Each structure stands twice: as C-alpha cells, then as structure tokens.
Amino acid sequence: MGIVSCPILCHPEKEGESMSHSNNSSDSSISSLTSQPSLPTVPSLTSQSSIQKSLTTFHECISTLKGHSSYVFSLALSGKYLYSGDSNKEIRIWSHDSNTLKSERVNDVENSMNNTVAIGNGGVKSLVVYGNKLFSAHQDHKIRVWLIDNSETTQLKKYKQLATLPTLSDRLSKLVLPKNHIRIRRHKKCTWVHHVDTISGLALSRDGSLLYSISWDRTFKIWRTSDFKCLESVTDAHDDAINAIAVSNDGLVYTGSADKKIKVWGIVEGEKKHSLMATLEKHKSSVNALVLSSDGSTLYSGACDRSIVVWEKDGTGGNGMVVVGALRGHTKAILCLAIVSDMIFSGSADKTVRIWRKCFENNGYSCLAVLQGHNRPVKCLTATIDHGNSSSKANNTGSYLVYSGSLDFDIKVWHISVPFL
C-alpha cells in the first residue's frame, strides 16, 4: 500500500469487451457499465473548433494511490485529507496535498503504514463528510457514521463508529404503529426508516443539517445529522434503482435512476414532505451520475448512452429544466461526474476521465483534456482547486487536483492547469 509515480500520459490497450456489473440484490437494476447507443436527437455542444483551446491545457498524473485490494467505489475530500471506500468494506485516508503527493520521502512513509480508518459491512458505495463526522453508505442497506480522529500520533487510529442508520431508537419507535410498516416483499414488511437494498449515494444539504440517501430499493430518505433521526422517506420515487443524487442550495433534490428518468423533488409551501416537482426525460438508458452548477441553474447528467446531457432552467421561474445539448466523446457509459467552478469532470467505463469547460462566447463546451492511465472503468471522481500551487496566478491559469477511483483498485491524482477565460 502506498503511492507510486505514474507517467504524464498513459495509453492503455483498447478494451475488447464491455464490463458488466453484477447486482445480486436487485434484479431491476440494469448494469451501469453496459454502454448503450448515444442520443442522436440531442445536439452536440462540443465541436472540433474547441481543439485549439484544449492544446493550452496542461495535465499530468502526479501520483497513483495504491492500497485497496478491491474496486474503488467512492471518494470524498475534506480539508487536508482524501477518503476512499472500496467493495471490500474498507475506508482509507490519504494526504490531500499536491506537494506531499510528489514527495518521495512521504511516499516511503505511506508505504510503511496502514491507512485504513474504518471497516463496515458491505461495499462502500458513497462517502460524505460533515464537520467531524464521516458518513458511509453500504451495500448491506445501512449508513454508518464515524467520528473523525486525525490527531497527530505515530500510529493511525481506527475511527470510532458513532451510529448505524437507522438507529436502534429510530427502529424501535416505529415498530408499534402499523402505519409505519411497509411491504417489501409478498410476505415481508419493515418500517419505513429502513432501506431494503444497496444504498447507492449520499448528499448533504447546504448547511449540513440534512443527509439524503438513495437506494436501489427505489426510495430516497432524509436524515437529521445532529441526532441521525430519519425525518422522511419517499417511497416508489422511481420505477427502478436510484443511482444518482444532487441537492441544490435552495433545497431541490434531483434523483437519477435506472428507469432512465431524472426527477426533481421539493417541498411545496405549507407542506412538510417532498413532492415531485418535475420529471426530466431524455436519456435512453440508466442514469448513473448527476452534478449541479454552483448556482443550481445547470444540471449535468451522465448515463449508459455515453452522453452527458446538459439541462438548464426553462426560464419560467419554476422547477422545470430543458435540454440544451450533450457533451460527447466518451466511448462507453458515463459512470461519475464532478464539478468545480466552471470545470466539469467525467469518468467512464472507457477507462478515461474527460475535462470540460463552457465557452461563454458561443454557449458551447470544450473538451480540454482526456486523462488516460486506468486499466479498468473509472467509477468515482472528486476534484478541487489546487490552492497550494503558487505559480497559477503568475501564469494566469487555474490549477486543479482531480482524484479518480477505478475498478483497477487504484486512485490516480491528476494536476490540471487551465488558462483563464
């Protein structure tokens, strides 16, 4: 386990066959790695005219983080640290510092220590951090809460588990009244606070007071982060497994599903529970990833049809969105998306990461770079501005760090330098 350097550009051999993702717990979930035809009716927002601009983008792989012995499913950045979760129940911690990652001296230290901070039960599908709490979503249908303890010691401590959601008190309080029970199979019921299939994603409200969870059981739930109480469950939110979630600053919840639909949820004035506000239909296959622009005006959705569809507010003042076009270039399913400022990052079953930016003069987009180096599909992404790069301002460029987790068990760290528009 440790960090090894990797070349600036890697060119893995072409993959001869599509990856398939087995879902033992839900027959209704279609494979997110199965690539479907692209969307011929949606106009492309990228063109060959963007190539000249992309040539000025500098990118390099500065490190490969090794240590996981199974698929890397999830990544989360918090302060000085990167957290990663895998299909073998482990959560690991890594230093998040571009200078540290390049340091051979620190590489030797990393090689000699165990950086596993938590072990749950079932693959770690999603990670989010709020304050000193790390929330992890698992394939065993549960959410776990860990107390972050990164105190300076010679020996890395395992994190204390604070709770498993739903909590015991939550479960017991719902047992008595029949109205709290829902049917999950022909002869089986459980309380509405339980997820009954893999929890595929987590998201936080803007102020961190609420945690949202989505599941292959076709529900999403809202939890209070202060006491871990389940406040609401939206049942039958979709007709198939829910794979993706994004939450806007004004509280709108976007969910993407294997039923090919994206749904927008909100609380109507005077109500306490979420209602369906809009349904966005354009993808022809499973929706795997969603991200929102910082102002909530633009939504990006990635699916098995190899396209990233760009949605914008319809201008009526409501919650509807219209398709303005698609970002094309990946040759297989889009599995993950991340956004920082005006930069969009996409990971695919084609084993690459692409970097996109909007061109404000013509409302189109440029593909600034294609990051190659993974040997299997890119399953998760996270990115941030590289504040530690002192040369960026002097060169009038924006500097970013991108982390990509793959089914090849590795996490790659990329440094990106992009000229300001």
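A quick note: this is a predicted structure, and the numbers were derived from the prediction, not measured.

## Some thoughts on the overall build of the protein chain
And step 1. What the protein chain contains, in helices and strands, is five helices and 31 strands.
And step 2. Within the span of the protein chain, comprising 421 residues, buried residues form 57% of the whole.
And step 3. The contacts in the protein chain between residues at least 6 apart in sequence include a share of 53% that link residues at least 24 apart.
And step 4. When the accessible surface of the protein chain is split by element, carbon and sulfur atoms take 49% of a total near 18500 Å².

## Brief notes about the environment of Ser-346
And step 1. Within the fold, Ser-346 resides in strand β26 (residues 343-348).
And step 2. Its relative accessible area of 0% is what places Ser-346 among the buried residues.
And step 3. Through-space distance from the C-alpha of Ser-346 to that of Thr-382 is 9.8 Å; in sequence the pair is 36 residues apart.
And step 4. Sequence-distant contacts of Ser-346, defined by excluding residues within four places in its chain, comprise Ile-308, His-330, Cys-336, Leu-337, Thr-352, Val-353, Arg-354, Trp-356 and Leu-381.
And step 5. Side chain to side chain, Ser-346 and Trp-356 meet in a polar contact 2.9 Å long.

## Quick notes on the sheet that holds strand β21 (residues 287-292)
And step 1. Taken together, the four strands give an open sheet; going across it, the order is β21-β22-β23-β24, and neighbouring strands pair in antiparallel fashion. Looking at which strands have only one partner, the edges of the open sheet turn out to be β21 and β24 (321-327). Between one strand axis and the next, the sheet turns by 25 degrees as a mean value, whatever way the strands run.

## So, the environment of Phe-345
And step 1. Within the secondary structure, Phe-345 sits in strand β26.
And step 2. Given the relative accessible area of 0%, Phe-345 is considered buried.
And step 3. What Phe-345 contacts, discounting residues up to four positions off in sequence, is Cys-336, Leu-337, Ala-338, Ile-339, Val-340, Arg-354, Ile-355, Leu-381, Ala-383 and Val-402.

## Considering the side chain of His-238
And step 1. Inspection of the secondary structure puts His-238 in the loop between β16 (230-234) and β17 (242-247).
And step 2. In terms of polar contacts, His-238 uses its side chain to reach the side chain of Thr-255, at 2.7 Å.
And step 3. Here Asp-259 takes part through its side chain, which lies 3.0 Å from a polar atom of the side chain of His-238.
And step 4. Beyond its immediate chain neighbours, meaning those up to four positions away, His-238 contacts Arg-218, Thr-255, Gly-256, Ser-257, Asp-259, Lys-261, Ile-262 and Lys-263.

Conventions used here
Residues numbered from 1 in each chain as written. Predicted model: local features only at pLDDT ≥ 70, side-chain atom pairs only at ≥ 80, totals over all residues. Heavy atoms only, no water. Helix = DSSP H or I, 4+ residues; strand = E, 2+ residues; numbered from the N terminus. Buried < 20%, exposed > 50% of the residue type's maximum accessible area, 1.4 Å probe, protein only. Contact = heavy atoms within 4.5 Å. Areas by Shrake-Rupley, 256 points an atom, 1.4 Å probe, with all protein chains shown as cover. Polar contact = N/O pair within 3.5 Å; in protein donor to acceptor, adjacent residues only side chain to side chain. Pairing = 2+ DSSP bridges. Axes fitted to C-alpha atoms, helices over the stretch in contact; angles between N-to-C directions.

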